[in-house]
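Tertiary structure, described
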Protein chains: 2
Amino acid sequence: MKAENQVAIHPLAQFAGTLQWSQVPAAVQRKAEDLWVDWFGSVLAGQNARPVHSIARFALSQGPAQGPCEVIGQSATTSPMMAALANAAAAHVAEQDDVHNGSVFHPAAVVFPPALAVAQSLGASGAQLMAACVAGYEVGIRVGEFLGRSHYKIFHTTGTAGTLAAAAAVGNLLGLTPAQMQHALGSAGTQAAGLWEFLRTAADSKQLHTAHAASAGLMAAYLAQDGFTGAQDIFTGPQGLAAGMSTDANPARLTDGLGTRWATAETSFKWHASCRHTHPAADALLQVMQRDGVQIGDIAQVICHVHQGAIDVLGPVTSPATVHQSKFSMGTVLALAARFGHAGLTEFDEQYLAADTVALRNKVTMALDPEVDAAYPQRWIGKVTVQTTDGRTLHGRVDEPKGDPGNTLSRQEITDKALRLAAYGSQVPAAQVQQAVQQLWQVAQWPRVARLLA
Amino acid sequence: MKAENQVAIHPLAQFAGTLQWSQVPAAVQRKAEDLWVDWFGSVLAGQNARPVHSIARFALSQGPAQGPCEVIGQSATTSPMMAALANAAAAHVAEQDDVHNGSVFHPAAVVFPPALAVAQSLGASGAQLMAACVAGYEVGIRVGEFLGRSHYKIFHTTGTAGTLAAAAAVGNLLGLTPAQMQHALGSAGTQAAGLWEFLRTAADSKQLHTAHAASAGLMAAYLAQDGFTGAQDIFTGPQGLAAGMSTDANPARLTDGLGTRWATAETSFKWHASCRHTHPAADALLQVMQRDGVQIGDIAQVICHVHQGAIDVLGPVTSPATVHQSKFSMGTVLALAARFGHAGLTEFDEQYLAADTVALRNKVTMALDPEVDAAYPQRWIGKVTVQTTDGRTLHGRVDEPKGDPGNTLSRQEITDKALRLAAYGSQVPAAQVQQAVQQLWQVAQWPRVARLLA
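Because the structure is predicted, anything quoted here is derived from the model rather than measured.

Conventions and cut-offs
- Residues numbered from 1 in each chain as written.
- Chains lettered and ligands numbered in written order.
- Predicted model: local features only at pLDDT ≥ 70, side-chain atom pairs only at ≥ 80, totals over all residues.
- Heavy atoms only, no water.
- Least-squares fit on C-alpha atoms with pLDDT ≥ 70 in both.
- Contact = heavy atoms within 4.5 Å.
- Pairing = 2+ DSSP bridges.
- Helix = DSSP H or I, 4+ residues; strand = E, 2+ residues; numbered from the N terminus.
- Axes fitted to C-alpha atoms, helices over the stretch in contact; angles between N-to-C directions.
- Polar contact = N/O pair within 3.5 Å; in protein donor to acceptor, adjacent residues only side chain to side chain.
- UniProt positions renumbered as here; feature names shortened; annotations may be inferred.
- Buried area = accessible area lost by both parts, 1.4 Å probe.
- Salt bridge = Lys/Arg side-chain N within 4 Å of Asp/Glu carboxyl O.
- Nonpolar A, V, L, I, M, F, W, Y, C, P; charged D, E, K, R; others polar.
- Phe/Tyr/Trp six-rings, centres within 6.5 Å; stacked < 30°, edge-to-face > 60°.
- Parallel < 35°, antiparallel > 145°, perpendicular 65-115°, else oblique.
- Left-handed = near helix turned anticlockwise from the far one by under 90°.
- Buried < 20%, exposed > 50% of the residue type's maximum accessible area, 1.4 Å probe, protein only.
- Domains from an automatic or database assignment.
- Core = buried A, V, L, I, M, F, W, Y, C linked by side-chain atoms within 4.5 Å.

**Examining the relation of the copies chain B and chain A**
Between chain B and chain A, the superposition needs a rotation of 180° and an axial shift of 0.0 Å, giving an RMSD of 0.0 Å. Accordingly, the operation relating the two chain copies is best matched by a two-fold axis. A high fraction, 100%, of the interface residues of chain B reappear at the interface in chain A, so the copies pair face to face through one surface.

Printed below as a string of structure tokens:
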């Protein structure tokens, strides 16, 4: 391969192609297992959503009548690509899947589904699966950081960077050489897509973005294994990702601390069932209410002091028309948090248009805050100013919202969250889910990845 | 659907959702049949290329063991998505498939494969298939024109606009309502992808771009039929295609003459087996050689006066390392045209690195020409200045390269070209191809679309 010898292997391709579970520090291994269990709950939570049914139906109609790969929560089995399509669509519905703050990227939804499907197809071990997933996290997060804030203004980073994350994870499982991994990343990057425009009418595209990223990235890796070549500098080449889809790309982020800084461990769990941009302010409001004894009836006005990204994503949603859209409404999220102590899936479903919610929602505004904006996306600071009906002005501030690495969930909290999500969204019997979750914690010891739901 | 009633149906969705064969003027019907036969040759020409084999192998491995859809030139059958993947990959290999000048978009490769697969799956009539394909051409070309020159500098328009073209064609066949078609276009647009970066190392991405566009667009249409929603203004919304991927988008182009101006009829056939950007200059050089009796040995220097797009795409290719890359080398194309009278597939394969080719190649340069650039992309003017070894300065100029609507191919030339391409690229017996091509000319009379190669 003449062209190949002329081109340097990108450290990210080298890393993703060669990472093994034994090279991952123990604390990062445990965090990866946490993320894995947390992801499983999100898949079951989304499994019966209408858009997920559509994608799963399509995937099963285009694939084989049966195959080595599980469509989670269904008896059907299929091929790796089709399982990745269906499971990735499900993972991102409930808005409870994980997020990496610095990249504003949701890794679980686009990494675990294609990796699981391929691991089931290959009969890989649990350690091989998890190493591949860590490779996917490390690549996807760095690509998201690289593409920067200008990218996220228009593009759904989980869809775009997610395509490369999926390729990295699948490529690691397939045992690609670093040169092949570089081709896989090129083929993934040239399929990277996902526009935020769907938010304006609460359309179903979010599920399509994760499904597309998982399947396109999977295809890129399989093709590379078969000798199919891709762009050698898909990141910073003059007609590559940064040139086409970012105005503030930072190439240094692609390799930042590779092998020493574990971005996987920086990933946050989501506690409220809403867009992550709403969480810091919700936690800050709860702080004010608890600390100062403020009741709902006392609240005259809430100003959320936010970063620009929150305004870009949440600003258009002033009067949510669907449950999904309400998860992007800052006012709705704060109203539910204030009314119920947290904004969970059930609260959204049953209360997002309740008169008490709407009344409080309409008292909430957002304002750009220079300090919060400067800290973002490395830190997601929550700052609110609450005006009370009796004339008090109260300030709330949370530096790490619940679920962030410095304020993380315990394994018991993760298990409970997964069981709650499964009960919310699937018909799988609780005992079966419970047994599966117990098994999932042991993933690194599995000699062979079998069905998650037996 | 509350959100749906609030949103106006875009005229493009209305048009694509409702177009019928009987509404297409007879001359446009005949042109569509010309393009259909011309496409068939290109698929067979590319069928055995290594990157196409990779994509076809992957597609067949992920699909059912058999299905209603033909992988052209193979005995295997599969599902619509997988057939679309494989056939679209093949159509764009030989660089002989059609092109629409104004949009710099290759419609056949991304329109016919998904439409054929779905027509075979549904048992649609030939007229239904062809109406769907005209819908795909009209939508894809207008989207390409809309995205403009800034888009094409970074993005492979056939990959991006092609995703919407495929969705329009498949959606028409599926009988989507205009509202459903609007959702399909939204879901297609949010998957639109394809970066030119692969050209720098002659990577295989071009085949991936057409395969991806065909399959992603097909998925978007099937999902819309199942109630899956997409962005309502994927074109000009603040986080839509134009916002993310163009700086000179022109919304008026989306609906320009819809129903009266037939962009399908403006599509050009490719005569030389190279990037279309090389054709005008090659024809102009041939003009000089024929008119002024210039022999190869007389040529001291050739300056091609070109539009900026030619410099953007061809400029990086100074020393082609592969046959594919040589088709993007202006010098190589002109050298082969000068040596053999045309730059065909066989000439590229056997002569692109021959000493005589390289010697002449190195005498060719490009220069931006204001007149040519201003006319582009509506007209692709070829202008060359030839310096001869005996001191003459000769000028060549071609206003419509061979294959353009004003200088088109006859049905006999199209048949001959298809048979030549099939003989070049496939092992299908010539008699069988000949019989198939005869049948293809009758497509509009077919009661039911069956296998193209019986």
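After that view, the rundown keeps rolling.
**Considering the sheet that holds strand S4 (residues 364-368) of chain B**
By way of backbone hydrogen bonds, the strands of a sheet pair with one another, either parallel or antiparallel. All names here are of chain B. The sheet built from 4 strands is open, its strands ordered S4-S3-S5-S6 with mixed pairing. This sheet does not close on itself; its edge strands, each paired only once, are S4 and strand S6 (393-398). In this sheet, neighbouring strand axes are inclined to one another by 20° on average, regardless of whether the strands run parallel or antiparallel. Here strand S3 (residues 299-306) runs beside S4; their pairing, made up of 5 bridges, is parallel. Its bridge partner being in S4, Val-306 is matched across the sheet by Leu-368. Docked against the sheet, helix H12 (residues 279-292) engages S3, strand S5 (382-388) and S6, running at close to 125° with respect to S6.

**Quick look at the side chain of A:Ser79**
Of note, A:Ser79 is situated in the loop between strand S2 (77-78) and helix H5 (80-91). Side-chain polar atoms of A:Ser79 contact the backbone oxygen of B:Gln62, separated by 2.7 Å.

**Quick notes on the UniProt feature "domain: MmgE/PrpD N-terminal" (unreviewed entry) in chain A**
Following the UniProt record, the feature "domain: MmgE/PrpD N-terminal" (unreviewed entry) maps to residues 12-251 of chain A here. Split by type, residues 12-251 of chain A is 64% helix and 2% strand. Its first and last C-alpha atoms lie 11 Å apart.

**Some points on unusual backbone geometry**
For the bond from A:Tyr376 to A:Pro377, the omega torsion is 5°, close enough to zero to count as cis. For A:Ala202, which is not glycine, the phi torsion reads 55° and is therefore positive. Structurally, A:Ala202 is set in the loop between helix H9 (178-189) and helix H10 (205-225). Of note, B:Glu95 is a non-glycine position whose phi angle comes to about 55°, a positive value.

**Thoughts on the interface of chain B and chain A**
Taken together, the contact pairs 62 residues of chain B with 62 residues of chain A. Note on chain B versus chain A: buried area summed over both sides is about 5000 Å², and carbon and sulfur give 62% of it. Notably, a salt bridge pairs B:Arg57 with A:Asp226, separated by 3.0 Å at the nearest N-O pair. Secondary structure elements with two or more residues in the side of chain B that touches chain A: helix H4 (50-62), helix H5 (80-91), helix H7 (126-154), helix H9 (178-189), helix H10 (205-225) and helix H11 (241-245) of chain B. When its residues are assigned to classes, the side of chain B that touches chain A shows 31 nonpolar, 22 polar and 9 charged.

**Focus on the packing of aromatic side chains**
Applying the stated rule across the entire model yields 22 aromatic pairs over all chains. Measuring from ring centre to ring centre gives 5.5 Å for A:Trp36 and A:Trp39, while their planes differ by 20°; the resulting arrangement is stacked. Of the two residues, A:Trp36 and A:Trp39 both sit in helix H3 (residues 26-46), 3 residues apart, roughly one turn of that helix. Taking 5.7 Å as the distance between ring centres and 45° as the angle between the ring planes, the aromatic pair formed by A:Phe58 and B:Tyr222 counts as tilted. With one member in each of two chains, A:Phe58 in helix H4 (residues 50-62) and B:Tyr222 in helix H10 form a pair that bridges those chains. Counting every residue linked through ring pairs, the aromatic cluster contains A:Trp36, A:Trp39, A:Phe112, A:Tyr137 and A:Trp446.

**Re the packing of helix H8 (residues 157-174) of chain A against H10(A)**
Residue and element names in this part refer to chain A. Two elements in contact, H8 and H10, have axes whose closest approach is 7 Å; the angle formed by their N-to-C orientations is 40°. Put simply, H8 runs oblique to H10. Our pair here, H8 against H10, has a crossing hand that is right-handed. On H10, the residues that touch Thr-158, Gly-159, Gly-162, Thr-163, Ala-166, Ala-167, Val-170, Gly-171 and Leu-174 of H8 are His-209, Thr-210, Ala-213, Ala-214, Ala-216, Gly-217, Leu-218, Ala-220, Ala-221, Tyr-222 and Gln-225. Per-class residue counts for the contact of H8 with H10 are 11 nonpolar, 9 polar and no charged.

**Examining the sheet that holds strand S3 (residues 299-306) of chain A**
Residue and element names in this part refer to chain A. Across the sheet, which stays open at both edges, the 4 strands sit in the order S4-S3-S5-S6 with mixed pairing between neighbours. Since the sheet does not close on itself, it has two edges, and those belong to strand S4 (364-368) and strand S6 (393-398), each with one partner. This sheet shows a mean twist of 20° between the axes of neighbouring strands, independent of strand direction. Strand direction decides the pairing type here: S3 and strand S5 (residues 382-388), joined by 6 bridges, are antiparallel. Bridging from a neighbouring strand, Cys-304 pairs with Val-384 of S5. Against the sheet, helix H12 (residues 279-292) engages S3, S5 and S6, with an angle of about 125° to S6.

**A few points about the pattern of salt bridges**
Oppositely charged side chains may form a pair once their charged atoms are brought near each other. A complete count under the given rule lists 50 salt bridges over all chains for this structure. Measuring nitrogen to oxygen at the nearest pair gives 3.0 Å for the salt bridge that ties A:Asp399 to A:Arg397. Judged by its relative accessible area of 32%, A:Arg397 falls in the partly exposed class. We note a salt bridge from B:Arg397 to B:Glu371, for which the minimum N-O separation is 2.8 Å. Placement of B:Arg397 in strand S6 and of B:Glu371 in helix H18 (residues 370-375) is noted, with a sequence separation of 26 residues between them.

**Concerning the domain arrangement of chain A**
Residues and elements named next belong to chain A. Split by domain assignment, chain A resolves into domain 1 (2-270 + 428-445) and domain 2 (276-402). Taking the mean C-alpha position of each, domain 1 and domain 2 sit 30 Å from one another. Between domain 1 and domain 2, the residue contacts involve 22 residues of the former and 20 residues of the latter. Carbon and sulfur atoms supply 57% of the area buried between domain 1 and domain 2, which totals about 1800 Å² over both sides. If you sort the residues of domain 1 by the area they bury against domain 2, Asn-101, Arg-149 and Leu-199 come out on top, with a joint share of 30%. On the surface where domain 1 and domain 2 come into contact, there are 2 salt bridges. Looking at which element gives the most residues to the side of domain 1 that touches domain 2, the answer is helix H7 (residues 126-154), with 3 residues.

**Quick notes on the nonpolar core**
In this structure, A:Trp36, A:Trp39, A:Phe40, B:Trp36, B:Trp39 and B:Phe40 are the most contacted members of the largest nonpolar core, which totals 316 residues. Residues within four places of A:Trp39 in sequence aside, it is in contact with A:Ile72, A:Ala91, A:Ala108, A:Ala109, A:Phe112, A:Pro113, A:Leu116 and A:Leu452.

**What about the pairing of S6(A)?**
Residues and elements named next belong to chain A. Only one face of S6 is covered, namely the face carrying Leu-394, Gly-396 and Val-398; the face carrying Thr-393, His-395 and Arg-397 is uncovered. Bridge analysis of S5 against S6 gives 6 bridges, and the strand direction is antiparallel. Paired with Val-384 across the bridge in S6 is Gly-396. Between S5 and S6, which pair antiparallel one after the other, the connecting turn spans 4 residues, and Gly-391 there sits at a positive phi close to 90°.

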